[in-house]
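# Results of the structural survey
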Amino acid sequence: LAKTTQPISMDSYEGQEVNITCSHNNIATNDYITWYQQFPSQGPRFIIQGYKTKVTNEVASLFIPADRKSSTLSLPRVSLSDTAVYYCLVGSRSGATNKLIFGTGTLLAVQP
Amino acid sequence: KAGVTQTPRYLIKTRGQQVTLSCSPISGHRSVSWYQQTPGQGLQFLFEYFSETQRNKGNFPGRFSGRQFSNSRSEMNVSTLELGDSALYLCASRGDSYGYTFGSGTRLTVV
């Protein structure tokens, strides 16, 4: 599975848009990019997944450039409750690689 | 629909003992994975079960084992507990679509 690199931490204020970028230079052709959010003492929660270009759902957007060597998770108008660790993962959807390789994640701290 | 249920939520054990943790996946999900999370090592994959068969295994000693039942419920067992086994143990289930749903975990403390 491709290794990912994210910033260790980021700070933001309520109401701002936050963009977290993830590098995955060795992403394979069949790999998808998935982001998870984790609060302390809870399991990670699936946020969004994409393969190329742009994906948007009710909580976030995911931007993936043409070379797919990086991706950016965009959180619009963050609130205090968005303070959490965000993990970027890349991997195939095939059954043979049914395990998630988590990196260190990005600790997002939202301040009032 | 109900999420992934892990029991117990908290557990305290003594070194040398063994422990069994339980995970009930989302109804209809046949894949169950286990992860260990510690401050030092982060989230690490333990093993994955699909239709009662272990399909993938992480790099953990043989003291860590698991199984899955015909109703997809899964258990993991850790024998001869060590202090370093103190961690949050997470279970995740997956259905036909990609995207894992995690439980809230079992916080194991070994004293």
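Summary of the structure given here. This is a predicted model, so every value here is computed, not measured.

What counts and how
- The residue count restarts for each chain, going from 1 along the sequence in the order it is written.
- Chain letters and ligand numbers both follow the written order, the letters beginning at A and the numbers at 1.
- For a predicted model such as this one, the threshold for reporting local features is a pLDDT of at least 70, and the threshold for listing and counting side-chain atom pairs is 80 or more; totals across whole chains, interfaces and linings nevertheless cover every residue.
- Where side-chain values are given, they derive from all heavy atoms of the structure, hydrogens and water being excluded.
- Only protein chains enter the calculation, and the probe is 1.4 Å; a residue is then buried if its accessible area is under 20% of its type maximum, exposed if over 50%, and partly exposed in between.
- Think of it this way: any DSSP run of H or I at least four residues long counts as a helix, any run of E at least two long counts as a strand, and we number them from the N terminus.
- Note: two strands are recorded as paired if DSSP finds a minimum of 2 bridges between them.

Residue and element names in this part refer to chain B. Counting buried residues in strand 4 (residues 31-38) gives eight out of eight residues, a clear majority hidden from the surface. The side-chain alternation of strand 4 yields two buried faces, one formed by Ser-31, Ser-33, Tyr-35 and Gln-37 and the other by Val-32, Trp-34, Gln-36 and Thr-38. Across eight bridges, strand 4 lies against strand 5 (residues 42-50) in antiparallel orientation. Of the residues in strand 5, the one forming a bridge with Thr-38 is Gly-42. Linkage of strand 4 to strand 5, two consecutive antiparallel strands, is achieved through a turn of three residues. The sheet contact formed by strand 4 and strand 9 (residues 87-94) spans seven bridges and is antiparallel. When the sheet's bridge partners are listed, Tyr-35 is paired in strand 9 with Leu-90.

A separate point is the pairing of strand 6 (residues 61-64) of chain A. All names here are of chain A. The pairing of strand 5 (residues 53-56) with strand 6 spans four bridges and is classified as antiparallel. Considered in strand 6, the bridge of Thr-56 is made with Ser-61. Connecting the antiparallel pair strand 5 and strand 6 is a turn made up of four residues. Judged from the three bridges that link them, strand 6 and strand 7 (residues 70-75) form a sheet pairing that is antiparallel. Residue Ser-61 lies in a different strand from strand 7, and its bridge partner there is Ser-74. What sits between strand 6 and strand 7 in their antiparallel hairpin is a turn of five residues, with Arg-68 showing a positive phi close to 60°.

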